[in-house]
Amino acid sequence: MERRSFLQKLLLVAAGLGLSPGWLVGQAERYGQALAASSRKLALLIGINRYPGEGSPLQGCVTDVELQRELLRYRFGFDPADILILTDGAATSSAIQSAFAEHLGSASQTAETVVVQFSGYGQWRAGSSPERWQPALLLAGPEEAAAMGLERFFQLVQSLGTAQLTTILDCGFTYVAPAVRGNLQLRSRPPKVPKEVASTSPEAVALGRLPSGEVQQIWPSPPKGLLIAATAPQDLAAEAAWPGFHAGILTYLLTQYLWEITPATRLLIAFNQVASRRELGLFACQRPILEGKETARRIPPYFLTPPQVGVSGVIQEVKGNRAQVWLGGIPPAALCGLQPGTLLAPIAAEPSNASPAPLLIRSRNGLLAQVQPANGEGQIPPAGTPVREQLRS
């Protein structure tokens, strides 16, 4: 039944009961607000480029956060206020734990879905005994406090009140020199070796490897929901230089593909498509993993169904007859050839509405394009309008 028809019948019932239409509308609005509040979509996005101490700074982790934020906001309908972002110096251990407690916390009990992402360095660290090694996420802050064991991070995720959650780790833990390989940079640091262990394996320490001998690498049990990790514990993970920007290989390929999917796409299908991409094949040491495959066979990505078929991006900002467009849905290989003069077709909010006039790309920097109406006149659709590539110059 259509919404208008339903409301008309509801008003007739209310009149028959002697209820005021104004009272009924007020009650419906309050009910709608309560329903919306109980089905919030929550996200915590963490990205760290700048770390204290020596070593090459990362360049794509903050971009990962932007890629995920724009996807969640414009493709999956997240309210910007429900997406908490911690980048660089703000991503301390205490801030992350506070975010789980205060931003996610009790709200996650009634959330429709929760997405948690970490992009940054990972590292193997000595555990309770010299031969036991555990993975850790490297954070901002004083060196002695600038790490959180992956087990602890998983415990924070596990404590949330919903099982409809997706955890994304775009980092590695295993390190093999060199850290920079052409246009790729590893997202892992050499293992943190205690002094008493380093003295017995100086050659391994110099190469950034785990000490020789019997070594146990303890990988914690994944949290509830779904876990998407950039790579297996023993393999490498990297970020890459794409046309005009840096980003994690996993995050860019995943978010780009999710802009393109149809509403019927299941997560497992999307993951398999991403894992088989040519860009990952060029870096043979990175193999993404998905924990919770049986669930992924049944549900759409992030437990949400996108409203439209695939799109190329979205209008972010409109100023007069100029606008800025986010092109997160353009495949990497196609992005290189996206030149000024390319036409983008805005998608009408309702299929019955007339299609807005196409937009002409005036310039592009990375994933951001400046556009104007193709005919030089006319009104640009409002921010939030999705677009598709229509014709290349």
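One structure accompanies this document, and this report is about it. (Residues numbered from 1 in each chain as written. Predicted model: local features only at pLDDT ≥ 70, side-chain atom pairs only at ≥ 80, totals over all residues. Heavy atoms only, no water.)

## Considerations on the sheet that holds strand β18 (residues 359–365)
Each strand in a sheet pairs with its neighbour through backbone hydrogen bonds, running either in the same direction (parallel) or in the opposite one (antiparallel). Which entries qualify depends on this criterion: Criterion used throughout: strands pair if DSSP finds at least two bridges between them. Helix and strand definitions follow DSSP, with helices as H or I runs of at least four residues and strands as E runs of at least two, each counted in order from the N terminus. Helix axes are fitted only over the stretch in contact, all axes being lines through C-alpha atoms; the angle between N-to-C directions runs from 0 to 180 degrees.
Spatially, the six strands close up into a barrel ordered β15-β16-β19-β18-β17-β20, and their pairing is antiparallel. Across this sheet, the average inter-strand angle for adjacent strands is 45 degrees, counted without regard to direction. Looking at chain direction, β18 and strand β19 (residues 368–373) are connected through six bridges and run antiparallel. Counted as the bridge partner of S363 is Q370 from β19.

## Quick notes on the pattern of salt bridges
Defined as follows: Between Lys or Arg on one side and Asp or Glu on the other, a salt bridge is scored when a side-chain nitrogen of the former is within 4 Å of a carboxyl oxygen of the latter. Buried residues are those whose accessible area, probed at 1.4 Å on protein chains only, stays under 20% of the maximum for their type, while exposed residues exceed 50% and partly exposed ones sit between those limits.
A complete count under the given rule lists ten salt bridges for this structure. One salt bridge connects E239 with R187, and the closest N-O pair in it is separated by 2.9 Å. Placement of E239 in strand β12 (residues 238–242) and of R187 in the loop between β9 (184–186) and α6 (195–198) is noted, with a sequence separation of 52 residues between them. When sorted by exposure, E239 lands in the same class as R187, which is buried. Here the salt bridges share partners, and the residues they tie into one network are D64, D170, R187 and E239.

## Quick notes on the nonpolar core
Cut-off, in case you're wondering: Buried Ala, Val, Leu, Ile, Met, Phe, Trp, Tyr and Cys residues that are joined via side-chain atoms within 4.5 Å together make up what is termed a nonpolar core. For this analysis, residues touch if any pair of their heavy atoms sits within 4.5 Å.
Residues I249 and Y302 are the most contacted members of the largest nonpolar core, which totals 67 residues. When residues in this core are grouped by element, the largest group, eight residues, is from helix α8 (residues 249–260). Setting aside residues no more than four positions away along its own chain, I249 makes contact with D170, L184, A238, E239, A240, W242, L280, F283 and Q286.

## A short note on the environment of G127
In this fold, G127 is placed in the loop between β4 (122–126) and β5 (132–138). Sequence-wise, G127 and Q216 are 89 residues apart; in three dimensions their C-alpha atoms are separated by 9.7 Å.

## Some thoughts on helix α4 (residues 93–104)
Under the convention used in this document: In this scheme, a helix's expected span is set at 1.5 Å multiplied by one less than its residue total. By construction, the arc corresponds to the directions joining the helix axis to the C-beta atoms.
Over its twelve residues, α4 runs 16 Å from end to end, which matches the ideal 16 Å to within 8%, given 1.5 Å per residue. Every buried residue belonging to α4 is among S93, I96, A99, F100, H103 and L104, and all of these are buried. Viewed end-on, α4 has its buried residues packed into an arc of 140 degrees, placing them on one side of the element. In α4, the exposed positions angled more than 90 degrees off the buried face are occupied by A101 and E102. Positive backbone phi, at 30 degrees, marks G105, one or two positions downstream of α4.

## Considering the sheet that holds strand β13 (residues 245–248)
The strand order β8-β9-β12-β13 describes an open sheet built from four strands, whose pairing is antiparallel. Since the sheet does not close on itself, it has two edges, and those belong to β8 (180–181) and β13, each with one partner. Pairing of β12 with β13 involves four bridges; the strand directions are antiparallel. Its bridge partner lying in β13, A241 is registered against H246. Against the sheet, helix α3 (residues 61–74) engages β12 and β13, with an angle of about 80 degrees to β13. Seen against the sheet, α8 touches β9, β12 and β13 and runs at an angle of roughly 95 degrees to β13.

## Some thoughts on unusual backbone geometry
Residue P178 is reached from A177 by a cis peptide bond, and omega for that bond is 0 degrees. Relative to the helices and strands, P178 resides in the loop between β7 (165–170) and β8. Backbone geometry at Y302 places phi at a positive 60 degrees, although glycine is not the residue there. Along the chain, the position of Y302 falls in the loop between α11 (293–298) and β15 (313–319). In this structure, F303 takes a positive phi of about 65 degrees despite not being glycine. Structurally, F303 can be placed in the loop between α11 and β15. You can call F303 buried: its relative accessible area is 15%.

## Topic: α8
In a regular helix each residue adds 1.5 Å, so twelve residues correspond to 16 Å; α8 covers 17 Å between its end C-alpha atoms and thus fits that length. Burial of α8 is extensive: eleven of the twelve residues sit out of reach of the surface. For α8, every residue scored as buried is listed here: I249, L250, T251, Y252, L253, L254, T255, Q256, Y257, L258 and W259.

## Some remarks on the packing of aromatic side chains
Heads up, the condition is: Pairing of aromatic side chains requires ring centres within 6.5 Å, counting the rings of Phe and Tyr and the six-membered ring of Trp. Pairs whose planes differ by under 30 degrees are stacked, by over 60 edge-to-face, and all others tilted.
Counted by the stated rule, this structure contains seven aromatic pairs. Residues F245 and Y252 carry aromatic rings whose centres are separated by 5.2 Å and whose planes lie at 90 degrees to one another, so their mutual orientation is edge-to-face.

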